Amino acid sequence: MNCKEAIEYIHSLEKFGINPGMERIEALCNELGNPQKDLNFFHVAGTNGKGSTSTIISNILIKNGYNTGLFISPYVTDFRERIQLNGEMIEENELADCVEKVKTAIEIISEKGIQPTEFEAVTAAAFVYFKKKKCDYVVLEVGLGGRLDSTNIIDKSCVSVITSVSFDHTAILGDTIEKIASEKAGIIKENGKAVIYPFQDLSALNVIKGVCEKKNNSFSFPDLSALTIGKETLFGTEIEYKNLKFNLKLAGKHMIYNAVTAIEAVFSSGIDLDDKKTVEGIESTVMPARMELIKGNPVILLDGGHNEGCAQALSEFLAKHLSGEKIIMLSSMMADKDYNSYLSKVAVSADIFIATKANVPRSLDSNELMKNAEKYCNNCISIFNPAEAVEKALTLINDECALVVCGSFYLAGEIRNQLINF
């Protein structure tokens, strides 16, 4: 099996869909010798901010000299982004080798009527890889929810991290913020430690606190009285938190709070840290398609966030940094997302809204997206093909215009190189 075949095999499991439950991952990991039991985890759940929080934690650990694994989703341009070691994607031959082991294990347990999903197979492959590489720590991002997510196969964690909780995946996680928070808080372990994002819906926070107390889990928040926010620009923010001064390259107010949540998580773990190296880790953190400034003149911004919380963050960012500029907005969204709520917050900022359709079956038809955007923007067009939509958008921008591409990581992955090469 080579890397291409490994990825094709993983994607072939997509037909089994999203199917919350622990019995399949338990059977799969057991067949593989339970590699997760030999690893130390920072476990990160939440609706928004999981990826950036996880990556900052990982980079702090790396710069402090720890052999660090990182498991995140989704990927933007390369599947191997999902499994990283010390800031580098898993090597192609290593991915092939780990997936081969997982495939063999799946074939054995499938004879017993147990068929793991795509995400469960990727999770298991990551565990196999991280054990093989003898990681000191693994930063493990939850895929969906928490309680019944395949990553929750782990018995313990150094710290359980709960990022911002809001509405998403309501058909699976529940239709109230309390139900969603309960699922996210399902990663919290008995007699462990938890760090919670500082701004939570009060109902969600009460649920999370209740789970912590029930499990005799100490919990903490970033100390906002120890936070000083300096100059904020399109390129990042000058920040002082406790004894650290750093320039955060991840733009947007929400990223500031993701960063201090990540810092607090590492501080709470009690591991040895050097302040200078910790700052180096924070300042080294950049992420594709998370409020990513592709170019500064003219401004080209790429953001893959798709839910209401992401929409609010993007709306605030545009109001703060691009107020007064003409905004060309290019967007694609999934048909199973609450695209109307997203558009109500974001499309109102657009002078021209270009709807397109990412090349995945779940993507909403561009004409349908355009019709919904017309409720909030007076100048909307539909261009079915994403590459052609980008070409059109790029003809419209100049030094007094900004191009904002948003609403889907699938779209971001499809056109990011096209934007970079403009």
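A few points on the structure.

About the thresholds
Residues numbered from 1 in each chain as written. Predicted model: local features only at pLDDT ≥ 70, side-chain atom pairs only at ≥ 80, totals over all residues. Heavy atoms only, no water. 1 Å grid on protein atoms, 1.4 Å probe; cavity = no way out; pocket = protein on both sides within 12 Å on 5 of 7 lines; lining within 4 Å. Points joined across faces, edges and corners; volume = space filled by probe spheres on them. Helix = DSSP H or I, 4+ residues; strand = E, 2+ residues; numbered from the N terminus. Nonpolar A, V, L, I, M, F, W, Y, C, P; charged D, E, K, R; others polar. Buried < 20%, exposed > 50% of the residue type's maximum accessible area, 1.4 Å probe, protein only. Pairing = 2+ DSSP bridges. Core = buried A, V, L, I, M, F, W, Y, C linked by side-chain atoms within 4.5 Å. Contact = heavy atoms within 4.5 Å. Axes fitted to C-alpha atoms, helices over the stretch in contact; angles between N-to-C directions. Salt bridge = Lys/Arg side-chain N within 4 Å of Asp/Glu carboxyl O. Arc of directions from axis to C-beta. Polar contact = N/O pair within 3.5 Å; in protein donor to acceptor, adjacent residues only side chain to side chain.

## Re the layout of surface pockets
Moving on, step 1. Roughly 410 Å³ of volume is contained in the second largest pocket.
Moving on, step 2. When contributions to the lining of the second largest pocket are tallied by element, the ones reaching two or more residues are helix H3 (50-63) and strand E4 (88-89).
Moving on, step 3. Here the element with the most residues in the lining of the second largest pocket is H3; it accounts for five residues.
Moving on, step 4. Class assignment for the residues of the lining of the second largest pocket results in nine nonpolar, nine polar and five charged.

## Details of the pairing of strand E6 (residues 159-162)
Moving on, step 1. What you see with E6 is no split at all: Val-159 and Val-161 on one side and Ser-160 and Ile-162 on the other are buried throughout.
Moving on, step 2. As paired elements, strand E1 (residues 41-45) and E6 share four bridges and run parallel to each other. Across the sheet, Ala-45 pairs through a bridge with Ile-162, a residue of E6.
Moving on, step 3. Across three bridges, the pairing between E6 and strand E7 (residues 193-196) is parallel. Considered in E7, the bridge of Ile-162 is made with Ile-196.

## Overview of the nonpolar core
Moving on, step 1. With 40 residues, the main nonpolar core has Phe-71, Ile-83, Leu-95, Phe-127 and Phe-130 as its most contacted residues.
Moving on, step 2. Secondary structure elements with two or more residues in this core: helix H1 (3-12), helix H2 (23-31), strand E3 (83-85), helix H4 (92-110), helix H5 (118-132) and strand E5 (137-141).
Moving on, step 3. Counting residues per element, this core draws most heavily on H5, at ten residues.
Moving on, step 4. Residues contacting Phe-127, with those up to four places away along its chain left out, are Cys-29, Pro-35, Gln-36, Leu-39, Phe-41, Leu-140, Ile-153 and Ile-154.
Moving on, step 5. Core analysis: the second largest hydrophobic core is formed by 35 residues, Phe-42, Val-161, Met-255 and Met-287 among them.

## Observations regarding the sheet that holds strand E11 (residues 244-248)
The strands that make up a sheet pair up through hydrogen bonds in the backbone, lying either parallel or antiparallel.
Moving on, step 1. If you trace the three strands from one edge of the open sheet to the other, you get E9-E10-E11, paired in antiparallel fashion. In the strand order of this sheet, the two ends are held by strand E9 (227-233) and E11, each with one partner. Across the sheet, the axes of successive neighbouring strands diverge by a mean angle of 15°, strand direction being ignored.
Moving on, step 2. The sheet contact formed by E9 and strand E10 (residues 236-241) spans five bridges and is antiparallel. What sits directly across from Thr-233, in E10, is Gly-236.

## Observations concerning the pattern of salt bridges
Pairing is possible between side chains that carry opposite charge, provided their charged atoms lie close to one another.
Moving on, step 1. Considering all chains together, one arrives at 18 salt bridges under this definition.
Moving on, step 2. Note that Lys-37 is salt-bridged to Asp-155, the shortest N-O span being 2.6 Å. Taken together, the positions of Lys-37 in the loop between H2 and E1 and Asp-155 in the loop between E5 and E6 put the pair 118 residues apart, joining distant regions of the chain.
Moving on, step 3. What makes Lys-37 partly exposed here is its relative accessible area of 43%.
Moving on, step 4. Between Glu-292 and Arg-416 there is a salt bridge whose closest N-O contact spans 2.6 Å. Of this pair, Glu-292 sits in strand E12 (residues 292-296) while Arg-416 sits in helix H15 (residues 409-420); the two residues are 124 residues apart in sequence, bridging distant segments of the chain.

## What about the environment of Ile-263?
Moving on, step 1. Along the chain, Ile-263 falls in helix H9 (residues 253-269).
Moving on, step 2. Here the alpha-carbon distance between Ile-263 and Thr-53, two residues 210 residues apart in the chain, equals 8.8 Å.
Moving on, step 3. Here Ile-263 is in contact with Ile-60, Tyr-241, Leu-244, Phe-246 and Ile-282, once residues within four sequence places are set aside.

## Regarding helix H10 (residues 275-283)
Moving on, step 1. Taken as a whole, H10 has its buried residues at Thr-278, Val-279, Gly-281 and Ile-282. Down the axis, H10 shows its buried residues gathered within 155° of arc, on one side only.
Moving on, step 2. Residues of H10 that are buried make contact with H3, E11 and H9.
Moving on, step 3. For H10, the N-terminal capping position is held by Asp-274, with its side-chain oxygen 3.1 Å away from the main-chain nitrogen of Lys-276.

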